[in-house]
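Summary of structural features
Chain residues, written in single-letter form:
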Amino acid sequence: MRQDGRTHAPQHRHAERSRPMKHAILAMSVALLLSGGQAIAAETAPATTATQTSAITTRAQMLEWYRNAKFGMFIHWGIFSPIGKGEWSLGVLPEFNNGQQSGLDAYKAYAPKFNTNPAAIAQMVKLAKDTGMRYIILVSRHHDGFSLWDSKASPYARAFNSTQFGTKVDMVKAFADECAKQGLKLMLYYSLLDWTNPDYPASTAPAQWEDLSVYTHLKLYQNQKGDWKRYRTFMKKQLGELLTQYGPIGAIWFDGYLAQEDKALWNISDIYSAVRTAQATTLIANNKGIGASGLLPGEDFTIGERGAAGGDEQVAGESVDTSQLGNNRAGTWGYLDTATIHEREWIFRQLIDSIANSKNFVLNIGPRGDGSLQDALLTEFAAVGAWVRQNAEAIYDTQAGLPGIKSTTKTGADGKTYLYLFVPDAHITSITLTDATVKVRNAVTLVDGKAVALQRNAAKGTTVVDFASIKRTPREPLVLKLEATIAPRAPAGEKAAAS
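Cut-offs used in this document
- All residue numbers refer to positions counted from 1 along the written sequence of the respective chain.
- Reporting in this predicted model follows two pLDDT cut-offs: at least 70 for local features of residues, and 80 or more for side-chain atom pairs to be given and counted; totals over whole chains, interfaces and linings ignore these cut-offs and use all residues.
- Side-chain metrics rest on all non-hydrogen atoms present in the structure, leaving aside hydrogens and water.
- Secondary structure is summarised from DSSP: a helix means a run of H or I of at least four residues, a strand means a run of E of at least two, and numbering begins at the N terminus for each.
- Remark: exposure states derive from per-residue accessible area (1.4 Å probe, protein chains only) relative to the maximum for the residue type, with buried under 20%, exposed over 50%, and partly exposed in between.
- Note on contacts: a residue pair is in contact if any heavy atoms of the two residues lie within 4.5 Å.
- Here, Shrake-Rupley sampling with a 1.4 Å probe gives the accessible areas, and only protein chains in the shown set may cover a residue.
- By nonpolar core we mean a set of buried residues, namely Ala, Val, Leu, Ile, Met, Phe, Trp, Tyr and Cys, connected to one another through side-chain atoms within 4.5 Å.
- Between the first and last residue of a helix there are one fewer steps than residues, each counted as 1.5 Å, and that sum is the expected span.
- By definition, two strands form a pair when at least two bridges between them are found by DSSP.
- A fitted line through C-alpha atoms serves as each axis, taken over the contacting stretch for helices, and the angle formed by two N-to-C directions is quoted from 0 to 180°.
- Identification of polar contacts relies on pairs of N or O atoms within 3.5 Å, with a donor-acceptor requirement for protein atoms, meaning one able to donate a hydrogen and the other able to accept it, and with residues adjacent in sequence counted only if both atoms are side-chain atoms.
- To sort the angles, those under 35 degrees are grouped as roughly parallel, those over 145 as roughly antiparallel, those from 65 to 115 as roughly perpendicular, and the leftovers as oblique.
- By definition, turning the near helix anticlockwise from the far helix through less than a right angle yields a left-handed crossing, and turning it clockwise yields a right-handed one.
- The classification used treats Ala, Val, Leu, Ile, Met, Phe, Trp, Tyr, Cys and Pro as nonpolar, Asp, Glu, Lys and Arg as charged, and all other residues, Gly among them, as polar.
- In the sections that follow, a salt bridge refers to a side-chain nitrogen of Lys or Arg positioned within 4 Å of a carboxyl oxygen of Asp or Glu.
- Only Phe, Tyr and Trp rings take part, Trp by its six-membered ring, and two of them pair if their centres are within 6.5 Å. Stacked means planes under 30 degrees apart, edge-to-face means over 60, and tilted covers everything else.
- Any Lys NZ or Arg CZ that is within 6 Å of a ring centre and within 35 degrees of that ring's normal is treated as a charge sitting over the ring.

If you tally the helices and strands in the protein, you get 12 helices and 21 strands. Put simply, the protein has 499 residues, and 58% of those count as buried. Restricting the contact set of the protein to residue pairs at least 6 apart, pairs at least 24 apart contribute 72%. Put simply, the protein shows about 19,300 Å² of open surface, and 53% of that area lies on carbon and sulfur atoms.

Grouped together as the largest cluster of nonpolar side chains are 96 residues, with contacts concentrated most on Phe175, Phe254 and Trp266. At seven residues, helix α9 (residues 228–244) tops the list of elements feeding residues into this core. Other than its neighbours up to four places away in sequence, Phe175 contacts Ile75, Trp77, Ile121, Met124, Val125, Leu138 and Leu186. Formed by 20 residues, the second largest nonpolar core is a distinct cluster that contains Val139, Ala285, Phe301 and Val320.

Here the focus is helix α12 (residues 375–390). With 16 residues, α12 should cover 22 Å at 1.5 Å per step; its first-to-last C-alpha distance of 23 Å lies within 8% of that length. Across the 16 residues that make up α12, a large majority, 12, are buried. If you check which residues of α12 are buried, you get Leu377, Leu378, Glu380, Phe381, Ala382, Ala383, Val384, Gly385, Ala386, Trp387, Val388 and Arg389.

Before going further, it helps to examine the sheet that holds strand β5 (residues 185–191). Spatially, β7-β6-β5-β4-β3-β12-β9-β8 is the arrangement adopted by the eight strands of the open sheet, whose pairing is parallel. Sheet topology places β7 (283–286) and β8 (302–305) at the edges, where each strand pairs with a single neighbour. On average, each strand axis in the sheet is tilted by 25° relative to the strand beside it, whichever way the strands run. Relative to strand β9 (residues 317–322), β8 runs parallel, the two sharing four bridges.

Checked against the element boundaries, Ser372 lands in the loop between β12 (360–365) and α12. Side chain to side chain, Ser372 and Asp370 meet in a polar contact 2.7 Å long.

Moving on to the packing of α9 against helix α10 (residues 268–278). Interhelical geometry of α9 versus α10 gives an angle of 25° and a closest axis separation of 9 Å. With respect to their mutual orientation, α9 and α10 come out roughly parallel. As for how α9 packs across α10, the hand of that crossing is right-handed. Mapping the contact onto sequence places Arg232, Met235, Lys236, Leu239, Leu243 and Thr244 in α9 and Asp270, Ile271, Ala274, Val275 and Ala278 in α10. When the residues that make up the contact of α9 with α10 are grouped by side-chain class, the tally is seven nonpolar, one polar and three charged.

Bringing the sheet that holds strand β14 (residues 407–411) into the picture now. Ordered in space as β13-β14-β15-β20-β17, the five strands form an open sheet in which the pairing is antiparallel. Two strands close off the open sheet at either side, each with one partner strand: β13 (399–400) and β17 (438–445). Of the pairings in the sheet, the one linking strand β15 (residues 417–423) to strand β20 (residues 478–486) comprises six bridges and is antiparallel in character. Along β20, the bridge assignment pairs Tyr420 with Lys481.

Turning to the side chain of Thr322, a few remarks are in order. Along the chain, Thr322 falls in strand β9. Engagement of the side chain of Thr322 in a polar contact is seen with the side chain of Asn364, the distance being 3.0 Å.

What follows is about the pattern of salt bridges. Pairs can form between side chains of opposite charge whenever their charged atoms are close. Evaluation of the coordinates by the stated rule reveals 21 salt bridges. Where Glu483 meets Arg441, a salt bridge forms, and the shortest distance between an N and an O atom there is 3.2 Å. Taken together, the residues Glu483 in strand β20 and Arg441 in strand β17 connect sequence positions 42 residues apart. The exposure class assigned to Glu483 is buried, which follows from its relative accessible area of 12%. For Arg441, a relative accessible area of 43% gives the class partly exposed. Between Asp448 and Lys450 there is a salt bridge, with its nearest N and O atoms 3.9 Å apart. Since its relative accessible area comes to 47%, Asp448 is described here as partly exposed. Salt bridges sharing partners connect three or more residues here, namely Glu343, Arg344, Glu345, Glu380 and Arg475.

Time to look at the packing of aromatic side chains. Taken as a whole, this structure holds 29 aromatic pairs when the rule is applied. Ring centres 4.3 Å apart and planes at 20° place the aromatic pair Tyr66 and Phe301 in the stacked group. Taken together, the residues Tyr66 in helix α2 (residues 59–69) and Phe301 in the loop between β7 and β8 connect sequence positions 235 residues apart. Assigned by exposure class, Tyr66 and Phe301 land together as buried. Taking the centre distance of 6.1 Å and the plane angle of 70° together, the rings of Trp228 and Tyr231 count as edge-to-face. Taken together, the residues Trp228 and Tyr231, both in helix α9 and three residues apart, mark about one turn of the helix. Across the pair, Tyr231 and Trp228 agree in class, each one buried. Taken together, the ring pairs connect Trp77, Phe114, Phe146, Tyr156, Phe160, Phe165, Phe175, Tyr200, Trp228, Tyr231, Phe234 and Trp266 into an aromatic cluster. In this structure, Arg134 is placed above the aromatic ring of Tyr396, and the distance from its NZ or CZ to the ring centre is 3.5 Å. A cation sits over an aromatic face here: Lys263 above Tyr257, 5.9 Å from the ring centre.

Structural data, given as structure tokens:
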């Protein structure tokens, strides 16, 4: 959805409304300084599960691992980062997209200021791990065409990549090595759209995009005919590099699909075939824009941009959103120097809403050009990580719980079925469940196992889970663990009532 509320816009990630809240200082141990004197939580992340550490040899196994992982990190880091005005700076800011070569040259002049510090990369991976995230989606090439690896797919790519500027680091390799070292999976975002590639044909934006025609091409190249055959060959070469030179890649996350009104021009099935040939276990996803979902043949999971991961619970998918808040037409996924940071309460809600629908949640960070991050981001992520560690049982390796209530379920090691209820709102003190939906045998708090009162009403066929006496931790969702028998889920089931 566009900022003005109209749908069918491209996946231009506009800013959203802010939620002013009182900030609290997180009292916890911090270590591992980032450049700029910042810190990351030093607590140990949740232990890896067997599905994480066992060898994955088939695409089905990778998809199973993905569905159980639940929480991931997105990283938008590129030439746009030292500019500090968002990931769409080249397409949106008039000093760059002015229809002249001088504008493009002014944008490219920021490449040497994009200092890909290897130490900062290690810190980002550790931040993801400490926050409870189990995979990272790295933007390997955004719409500006700048590749974050030593690409040799064409003279254009050979000259315009991260190994040719600044600290001359192959970022994909650095992230691949660090993810392997720290036990996370690496996935790669790849833009189908390329604003600066001489072979990419300029396209006409759909009429409803109006002023977002910059999404399809730069003014400088508005008459560029390009060469589809060469461009598709170029993309397949780049994908081959990514999938044969950097070890196992969990998924390729495509973006830019909407840039061509005639989707047949992508010949997307051929692109997907190239991925499968290069690495058979790699999953495929394609971002089709805010409010868009559904799978094309060959795709493995859906993408819900801005928290829209709904739909069939049996279909794997993820909601994606960004940690930065700001009113900025050039986006809030790449670093925005005027942005504020979402507070932990918002992050908890997005994570819980996603896993309660059998989907994953992926939260984006936009590092500065030197790889440092905002202090507020580190504080909020540390708080989220501490909560995730305490409640990991209710998060990972779970399925959707009851319809209409924030919950997950799983079969425990003891063979019993458990239902986990998430209560983000402090004013809610009880939840009423219908016996037709679930029969509860006992209930405790997940963190410390304190008994929770159950009030049964045989006449009404209900059970009230009463946790009014339970002491709540400020700014954290309460999680309850119920031993229960759950009725099979129907497409439109009964809703539980909270009071």
